[in-house]
Amino acid sequence: MDGDATAYLLFTSGSTGIPKGVAVSQSNAVAYMEYAAKRFGFHAADRCSQNFDLTFDLSVHDLFTCWDAGATLCPYAEQTLTPATLVEEKALTCWFSVPSVAMFASKLGLLDPGAFPTLRWSLFCGEALSASLAAAWQGAANNSILENLYGPTEATIAITYYRWDSATSPAECVRGLVPIGWPFDGQQVCAVDENLAPVAMGESGELCLGGSQVTRGYLNDPEKTAKSFVRLKKASDQHISDQVWYRTGDLVRQDERGCLFYLGRRDFQVKINGYRVELQEIDLVLREAAHTELAVAIPWPLSDGSASGIVGVVSGSDPKLDAQIIAACETRLPRYMVPNRIYHFPQIPLNVNGKIDRGKITEMLGKWEN
Ligand code: AMP
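Residues numbered from 1 in each chain as written. Predicted model: local features only at pLDDT ≥ 70, side-chain atom pairs only at ≥ 80, totals over all residues. Heavy atoms only, no water.

Re empty space enclosed by the protein
Gaps left between atoms are located by rolling a probe of water-molecule size over the structure's atoms.
Item 1. Scanning all chains against the criterion turns up one cavity of 30 Å³ or more.
Item 2. Considered as a void within the structure, the largest cavity measures approximately 50 Å³ in volume.
Item 3. Lining the largest cavity, in full, are Phe42, Cys48, Ser49, His61, Asp62, Thr65, Cys94, Trp95, Phe96 and Leu123. (1 Å grid on protein atoms, 1.4 Å probe; cavity = no way out; pocket = protein on both sides within 12 Å on 5 of 7 lines; lining within 4 Å. Points joined across faces, edges and corners; volume = space filled by probe spheres on them.)

In structure tokens:
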């Protein structure tokens, strides 16, 4: 193996309109695979889900942890009603998906207690997992161990885990979200302030990641690499190794046991059905398509704190042009980033700094819909 050679290259949405290419090396991928083999102990009799699109790094887990164990991979075919029906049809033993897929199954009433007795692992990753969904899935997959995994593409698939315990976990959830837990063996986490100095235990900070799963940076983009792959300030009472850390943009708090609690984002990155999206990237396309600077992309509608789609909110554009605007967005953005509807506001609300107030717009959409 040539550890530095690229195992795969994945592009994620970028705030300037240009996607960022993350080059994951062979040694990054092997570090994840070796740990996953130990942690999940998949074996030849296992039947694993393949829910993730190949443009998503979690598909690398689907394919290679399964084949590495000589297990059977069960891809989700489009004609299946919902991926969750695969659990029964294929007698799956290992499930891995974004929480949105489970949420869809829940809405269809598929999570009856004991519905998925064959599952021995239920893994979720890619977006925040709500406590109510974790409890419902655990009830359906009552013989399985349920874990909430967390990680960005830049740190190779997943890098922290939290194991759900029906008796104790509900009380540990913050803002109704399942904690993201502890780093994998050999990986490091650190919550920092805006000066990249570690925050005190119990305080919120931006999560930085270090270790053998952290990639080197973005393809041909030294500027963005320098912004996100950094060295931390050393505090005298904390052990911070002299290495490069990846700034995730995720806000967390860590308790005295070292358990990490996910508190949201510090920027405009959102997840739409598990896909990572920088809203500014859509704003740029939408503004050109609508021929106005007063246009903004908003995750909408919201359910359980997360969005299943994007809408455009514009001011001063002719509603007759909506179909044309959406069609123009379709030519430049992947399907999950295209606004599915345009709302026309007489004025776009601004915050005290004169910036477009996305929170206020979301509030107004809520009132509009009711
Ligand atoms: P991606 O690079 O597409 O895997 O997206 C990474 C981002 O997804 C992270 O920086 C988080 O914002 C979010 N994410 C991934 N897993 C979780 C999780 N378990 N809970 C909350 N957010 C998550």
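Some words on helix 2 (residues 58–68)
In an α-helix, one turn spans 3.6 residues, which is why side chains three or four residues apart end up on the same side.
Item 1. Burial analysis of helix 2 places eight of its 11 residues in the buried class, which makes it a mostly covered element.
Item 2. By the burial criterion, the buried members of helix 2 are Leu58, Ser59, Val60, His61, Asp62, Leu63, Thr65 and Cys66.
Item 3. One or two residues past the end of helix 2 sits Gly70, with phi positive at roughly 70°. (Buried < 20%, exposed > 50% of the residue type's maximum accessible area, 1.4 Å probe, protein only. Helix = DSSP H or I, 4+ residues; strand = E, 2+ residues; numbered from the N terminus.)

Things to note about the sheet that holds strand 20 (residues 310–314)
Item 1. If you trace the three strands from one edge of the open sheet to the other, you get 17-20-21, paired in mixed fashion. Here the strands that pair on one side only, and so sit at the sheet edges, are strand 17 (295–299) and strand 21 (342–344). The average undirected angle you get between the axes of adjacent strands in this sheet is 30°.
Item 2. Bridge count for strand 20 against strand 21 is three bridges, and the pairing is parallel. Counted as the bridge partner of Gly312 is Ile342 from strand 21.
Item 3. This element, helix 10 (residues 358–369), spans strand 17, strand 20 and strand 21 of the sheet and lies at about 70° to strand 17. (Pairing = 2+ DSSP bridges. Axes fitted to C-alpha atoms, helices over the stretch in contact; angles between N-to-C directions. Contact = heavy atoms within 4.5 Å.)

As for the environment of Ala29
Item 1. Inspection of the secondary structure puts Ala29 in helix 1 (residues 26–40).
Item 2. Separated by 143 residues in sequence, Ala29 and Glu172 place their C-alpha atoms 31 Å apart.
Item 3. With sequence-adjacent residues up to four places away left out, Ala29 is seen in contact with Ala7, Tyr8, Val24 and Thr156.

So, the nonpolar core
Item 1. Core analysis: the largest hydrophobic core is formed by 80 residues, its most contacted members being Phe116, Trp137 and Leu209.
Item 2. When residues in this core are grouped by element, the largest group, six residues, is from helix 1.
Item 3. Leave out the neighbours within four places in its chain, and Trp137 touches Trp95, Ala102, Leu111, Phe116, Leu119, Ser122, Phe124 and Leu146.
Item 4. Of all hydrophobic cores here, the second largest spans 21 residues; its members include Ala289, Ile310, Val314 and Val338. (Core = buried A, V, L, I, M, F, W, Y, C linked by side-chain atoms within 4.5 Å.)

Examining the side chain of Thr153
Item 1. Within the secondary structure layout, Thr153 lies in the loop between strand 7 (145–150) and strand 8 (160–163).
Item 2. With residues near it in sequence (within four places) discarded, Thr153 still touches Leu10, Thr12, Val22, Val24, Asp57, Thr215 and Arg276.

Here's the deal with the environment of Ala23
Item 1. When you line up the elements, Ala23 lands in strand 2 (residues 20–25).
Item 2. It is 8.1 Å that separates the C-alpha atoms of Ala23 and Glu154, two residues lying 131 residues apart in sequence.

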